[in-house]
Amino acid sequence: MAMCVRWEVLTFVHKKCLNWILLATFICAVNYACSQDDPTDLAEPTVVIAILIRNKAHTLPYFLTLLERLDYPKDRISLWMRSDHNIDDTLTVLRRWLDVAERDYHSVNIKLTESPPESLPDETGPAHWSPERFTHIIHLRENALNYARGLWADFVWFLDADVFLTEPLALRQLINKRFTVSAPMLRSDGLYSNFWCGMTDDYYYLRTDEYRPTLKRERQGCFVVPMVHSAVLVDLRRASSRHLSFLASNVPGYSGPHDDIITFALAANKSGIPFHICNEELYGYIMVPLEQTDSLDIDYTQLTNLKLEVLVENPPLPYNQMFGDFVTYPEKDTLGFDRIYMINLLRRPERRERMQHCFDELGLQVTVLNAVDGRKLNASLLGEQDIHMMPDYQDPYHKRPLTMGEVGCFLSHYNIWKEVLAHGDQKVMVLEDDIRFEPFFRQKVARLMAELESLNIDWDLVYLGRKRLQEADEPWVEGAHLLVHAGYSYWTLGYLLSNRGAQKLLDARPLEKLVPVDEYLPILFDKHPQASWKGRFPRRDLLALSAAPLLVYPTHYTGEKGYISDTENSTVIEDMKSSDALSHQDL
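Please read these numbers as outputs of a predicted model, since none were measured by experiment. (Residues numbered from 1 in each chain as written. Predicted model: local features only at pLDDT ≥ 70, side-chain atom pairs only at ≥ 80, totals over all residues. Heavy atoms only, no water.)

Chemist: What's the story with the overall build of the protein chain in this structure? I'm lost.
Modeler: Along the backbone of the protein chain there are 15 helices and 24 strands. For the protein chain, the proportion of contacts with a sequence separation of at least 24, taken over those separated by at least 6, is 78%. Surface exposure of the protein chain reaches about 27800 Å², of which carbon and sulfur atoms provide 50%. (Helix = DSSP H or I, 4+ residues; strand = E, 2+ residues; numbered from the N terminus. Contact = heavy atoms within 4.5 Å. Areas by Shrake-Rupley, 256 points an atom, 1.4 Å probe, with all protein chains shown as cover.)

Rendered as structure tokens:
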């Protein structure tokens with residue numbers, strides 16, 4: 001802030017002032033500057049965004065679109081980009097984008113190299129981090145850092161091209177944190193992220209008790225950590241930032257590995273510069289890195305995994321239409337099943353839309369069955385078939401009768417069982433609309449089915465997702481590595497059903513003694529703990545297995561933000577005797 005001087009000061013200094021006119025002129029100038037000082041009129045800090053890109057034609061449509069959508073003036077951003085040793089269409093994507101977007105930024109320093117070979121001499125594949133590759137990356141990052149310093153930029157932001165910043169305010173908010181080095185926390189489709197909470201004595205990753213609560217945002221804020229990477233913002237206005245470097249030769253007493261991010265972290269540590277990871281917002285997502293021997297095909301599938309994870313909480317990752325020919329989806333099939341069914345309430349169109357996006361990503365051809373809506377059921381409705389509640393049924397946890405939502409859920413599954421027989425289907429997959437898919441879902445289903453067939457396993461139903469209720473170990477199916485004999489379980493998130501299994505579920509005439517569908521299934525495979533309920537179904541020979549590990553999970557659990565239950569949050573069937581009938585017009 002400028003120093004403002006009152007005219008009264010003159011009485012204290014005029015005796016020592018040799019040039020009264022010069023002093024008066026100086027005071028007038030200072031006071032004028034003070035009158036014009038408006039802190040809200042300051043331009044945003046200048047930022048160099050440094051991006052290294054290799055074999056990322058599949059991620060660039062999303063990365064570049066989200067980069068464009070950052071809520072920050074582009075004329076305060078300079079781009080520094082390098083790309084080489086590509087075996088895909090990375091350079092084509094970049095050039096197409098630069099032809100349109102380059103003029104929007106303050107300056108652009110781009111080097112797209114086509115002439116080098118597709119790999120460095122000591123690399124064995126596109127995911128192999130060889131010593132020469134580390135050397136190459138280290139020097140590129142150091143060049144970017146020095147370029148930003150040479151521009152007198154206020155900040156430099158190191159971004160990887162497989163980071164997706166879904167929060168447009170990410171850059172602005174990080175700058176306002178006023179840390180020397182910071183990063184927005186990024187989610188993946190697993191436990192991987194862009195920070196470490198611990199580091200071993202030999203400078204490698206160490207999982208700590210603080211990591212998971214930070215990742216899951218059970219504790220929120222900005223936290224000091226030993227490592228951040230992939231989206232690192234550096235405040236170059238800080239004098240201490242001059243000690244930051246990616247070169248081991250610039251770090252006194254460096255004894256760590258030949259690694260860019262570890263060298264940078266140790267340079268900061270030796271200079272007393274803390275790293276901060278900030279998770280007050282869900283800032284975006286990051287790809288899980290490839291293993292050393294992985295091909296690019298695995299990275300393509302990793303992108304699908306991440307896009308499915310994004311869909312749990314957000315709309316699909318956006319991309320500019322100029323990239324339309326670089327965004328592809330797999331041809332749809334039914335994974336070898338006769339049909340794949342999804343159950344969805346018509347009044348939940350947002351769930352249907354989300355699941356359709358998931359099916360597009362996974363390449364699944366799915367038949368949508370309109371669920372029976374419990375809100376439209378009541379005890380006096382007449383229909384083609386009467387439905388009776390089991391007289392002694394009481395919810396084990398809430399100590400209440402059935403809800404109309406539970407009746408509607410049962411009838412929805414019941415309708416699918418009838419469809420299986422009507423079509424003569426031999427095996428189907430049944431999915432509900434509030435699920436998240438395990439990474440590599442298609443591949444894992446294929447392996448599961450291969451195991452069933454190779455071992456000639458007899459089965460009626462295979463859980464893909466459930467809530468296991470018994471603590472006792474469930475025995476493995478003999479010779480299997482992916483299948484166990486299912487114990488008492490809740491939830492019908494997803495399951496495989498054979499023709500014979502559908503026949504057994506219908507032959508037991510469940511509508512005459514109705515219980516929730518996830519109580520009914522364990523009764524039929526004789527694992528339910530309630531003997532009196534089982535006694536009402538004399539034939540309990542459903543052959544039920546479960547995928548291990550599971551392949552689908554709920555999008556939200558009870559108590560979490562976004563959790564909605566159309567079975568629990570519905571009308572309870574009060575004082576309904578076993579002779580009272582529920583009828584359903586769509587049954």
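Chemist: Sorry, what's going on with the state of the cysteines here?
Modeler: Disulfides are covalent bonds that link the sulfur atoms of two cysteine residues. Taken as a whole and judged by the stated rule, the model has one disulfide. Disulfide pairing places Cys 222 opposite Cys 278 at an S-S distance of 2.2 Å. Looking along the S-S bond of the Cys 222-Cys 278 disulfide, the torsion reads about 115 degrees, which is the right-handed sense. Here Cys 278 lies in strand S12 (residues 275–278) and Cys 222 lies in strand S9 (residues 222–225), a separation of 56 residues in the sequence. Using a relative accessible area of 0% as the deciding quantity, one classes Cys 278 as buried. (Disulfide = S-S within 2.5 Å. Buried < 20%, exposed > 50% of the residue type's maximum accessible area, 1.4 Å probe, protein only.)

Chemist: In this structure, what is going on with the pattern of salt bridges? I would like to understand it.
Modeler: When the charged atoms of two side chains lie near each other, side chains of opposite charge can form a pair. Tallied over the entire structure, the rule returns 35 salt bridges. In this structure, Asp 373 engages Arg 347 in a salt bridge whose closest nitrogen and oxygen atoms are separated by 2.7 Å. Of this pair, Asp 373 sits in the loop between strand S15 (367–370) and strand S16 (386–387) while Arg 347 sits in the loop between strand S14 (339–344) and helix H10 (349–362), and the two are 26 residues apart along the sequence. Take Asp 373: its relative accessible area is 13%, and that puts it in the buried class. The exposure class assigned to Arg 347 is partly exposed, which follows from its relative accessible area of 25%. One network of salt bridges, in which partners are shared, links Asp 458, Asp 460, Arg 500, Lys 504, Arg 539 and Asp 541. (Salt bridge = Lys/Arg side-chain N within 4 Å of Asp/Glu carboxyl O.)

Chemist: What is the right way to read helix H11 (residues 404–423) from this model?
Modeler: Helical periodicity: at 3.6 residues per turn, an α-helix aligns residues three or four positions apart in one direction. End to end, H11 covers 29 Å across 20 residues, agreeing with the expected 28 Å (1.5 Å per residue, within 8%). Burial within H11 is extensive, with 14 of its 20 residues counted as buried. Positive backbone phi, approximately 70 degrees, marks Gly 424, located one or two places after H11. (Expected span 1.5 Å × (residues − 1).)

Chemist: Help me understand the sheet that holds strand S21 (residues 489–498), please; the structure alone is not making it clear to me.
Modeler: Strand pairing in a sheet relies on backbone hydrogen bonds. The paired strands run either parallel or antiparallel. Across the sheet, which stays open at both edges, the seven strands sit in the order S15-S14-S17-S21-S19-S22-S20 with mixed pairing between neighbours. Each edge of the sheet is formed by a strand with only one pairing partner; in this case those strands are S15 and strand S20 (483–485). For this sheet, the mean angle separating the axes of adjacent strands, direction not counted, is 35 degrees. Where strand S19 (residues 461–468) and S21 come together, six bridges link them in antiparallel fashion. Along S21, the bridge assignment pairs Val 462 with Leu 496. Contacting strand S17 (427–432), S19, S20, S21 and strand S22 (544–547), helix H12 (residues 441–454) crosses the sheet at an angle of about 140 degrees to S17. Packing of helix H14 (residues 517–524) onto the sheet brings it into contact with S19 and S21, and relative to S21 it is tilted by some 60 degrees. (Pairing = 2+ DSSP bridges. Axes fitted to C-alpha atoms, helices over the stretch in contact; angles between N-to-C directions.)

Chemist: How should I be thinking about the packing of H11 against helix H13 (residues 499–507) in this particular structure?
Modeler: Helices that pack against each other are described as a pair by the angle of their axes relative to one another and the distance between those axes. Running from amino to carboxyl end, H11 crosses H13 at an angle of 130 degrees, the nearest separation of the two axes being 9 Å. On the basis of their axis angle, the class for H11 and H13 is oblique. Judged by the twist between their axes, the crossing of H11 over H13 is left-handed. From H11, Tyr 414, Trp 417, Lys 418, Val 420 and Leu 421 reach across to H13, where they touch Asn 499, Ala 502, Gln 503, Leu 505 and Leu 506. In terms of residue class, the contact of H11 with H13 is made up of seven nonpolar, two polar and one charged. (Parallel < 35°, antiparallel > 145°, perpendicular 65-115°, else oblique. Left-handed = near helix turned anticlockwise from the far one by under 90°. Nonpolar A, V, L, I, M, F, W, Y, C, P; charged D, E, K, R; others polar.)

Chemist: Explain the nonpolar core here, please?
Modeler: Grouped burial of nonpolar side chains is what soluble globular proteins tend to show. Among the nonpolar cores identified, the biggest contains 51 residues, and Leu 64, Leu 67, Trp 97 and Trp 157 are the most heavily contacted of them. Discounting chain neighbours no more than four positions away, the residues touching Trp 157 are Val 47, Val 48, Ile 49, Ala 50, Leu 70, Leu 165, Leu 171, Leu 174, Ala 231, Val 232 and Leu 233. Counting residues in each nonpolar core, the second largest holds 44 residues, with Met 389, Met 390, Leu 461 and Phe 537 among its members. (Core = buried A, V, L, I, M, F, W, Y, C linked by side-chain atoms within 4.5 Å.)

Chemist: For this particular structure, what's the right way to read the environment of Gln 302?
Modeler: Note on placement: Gln 302 falls in helix H9 (residues 296–313). Taking the C-alpha atoms as reference points, Gln 302 and Ser 188, 114 residues apart in sequence, are found 9.8 Å from one another.

Chemist: Please clarify how the sheet that holds strand S11 (residues 231–235) should be interpreted in this entry.
Modeler: Taken in spatial order, the eight strands make up an open sheet running S3-S2-S1-S4-S11-S6-S12-S9, and their pairing is mixed. The two strands at the open ends of the sheet, each matched to only one other strand, are strand S3 (107–112) and S9. Each adjacent strand pair in this sheet contributes to an overall mean axis angle of 20 degrees, direction not counted. For strand S6 (residues 181–184) and S12, the ladder comprises four bridges, and the chain directions are parallel. Bridge pairing links Pro 184 to Cys 278 in S12. Relative to the sheet, helix H3 (residues 60–68) contacts strand S1 (47–53), strand S2 (77–83) and strand S4 (155–160), its axis offset from that of S1 by approximately 180 degrees. Helix H4 (residues 90–101) rests against S1, S2 and S3 of the sheet, and its axis sits at about 160 degrees to S2.

Chemist: Any chance you could explain the pairing of S2 here in plain terms?
Modeler: Burial within S2 is extensive, with seven of its seven residues counted as buried. Taken together, the seven bridges between S1 and S2 define a ladder with parallel strand orientation. Among the inter-strand pairings, Val 47 is bridged to a residue of S2, identified as Ile 77. Between the parallel pair S1 and S2, the chain is carried across by H3, and the sense of this crossover is right-handed. Relative to S3, S2 runs parallel, the two sharing six bridges. Bridge pairing links Ser 83 to Leu 112 in S3. In this fold, S2 hands off to H4, which returns the chain to S3; that crossover is right-handed. (Right-handed = clockwise from strand over helix to strand, strands pointing away.)

Chemist: How do you make sense of the packing of aromatic side chains when you look at a structure like this?
Modeler: The relative placement of two aromatic rings is captured by the distance of their centres and the angle of their planes. Applying the stated criterion to the full structure yields 23 aromatic pairs. Both rings, one in Phe 437 and one in Phe 441, keep their centres 4.8 Å apart while their planes meet at 70 degrees; by these two values the pair is edge-to-face. Considered together, Phe 437 and Phe 441 belong to a single accessibility category, that of buried residues. The residue whose ring lies beneath Arg 133 is Trp 129, and the NZ or CZ to ring-centre distance is 4.2 Å. The ring centre of Phe 537 lies 4.9 Å from the NZ or CZ of Lys 513, which sits over that ring. (Phe/Tyr/Trp six-rings, centres within 6.5 Å; stacked < 30°, edge-to-face > 60°. Lys NZ or Arg CZ within 6 Å of the ring centre and 35° of its normal.)

Chemist: Looking at this structure, I do not really get the pairing of S22. What am I missing?
Modeler: Each regular strand carries side chains that alternate between the two faces of the sheet. Of the two faces of S22, the one lined by Ala 544 and Ser 546 and the one lined by Leu 545 and Ala 547 are each fully buried. The sheet contact formed by S19 and S22 spans three bridges and is parallel. In the sheet register, Val 462 faces S22, and the bridge partner there is Leu 545. As judged from the three bridges shared by S20 and S22, these two strands associate in the antiparallel manner. When the sheet's bridge partners are listed, His 485 is paired in S22 with Leu 545.

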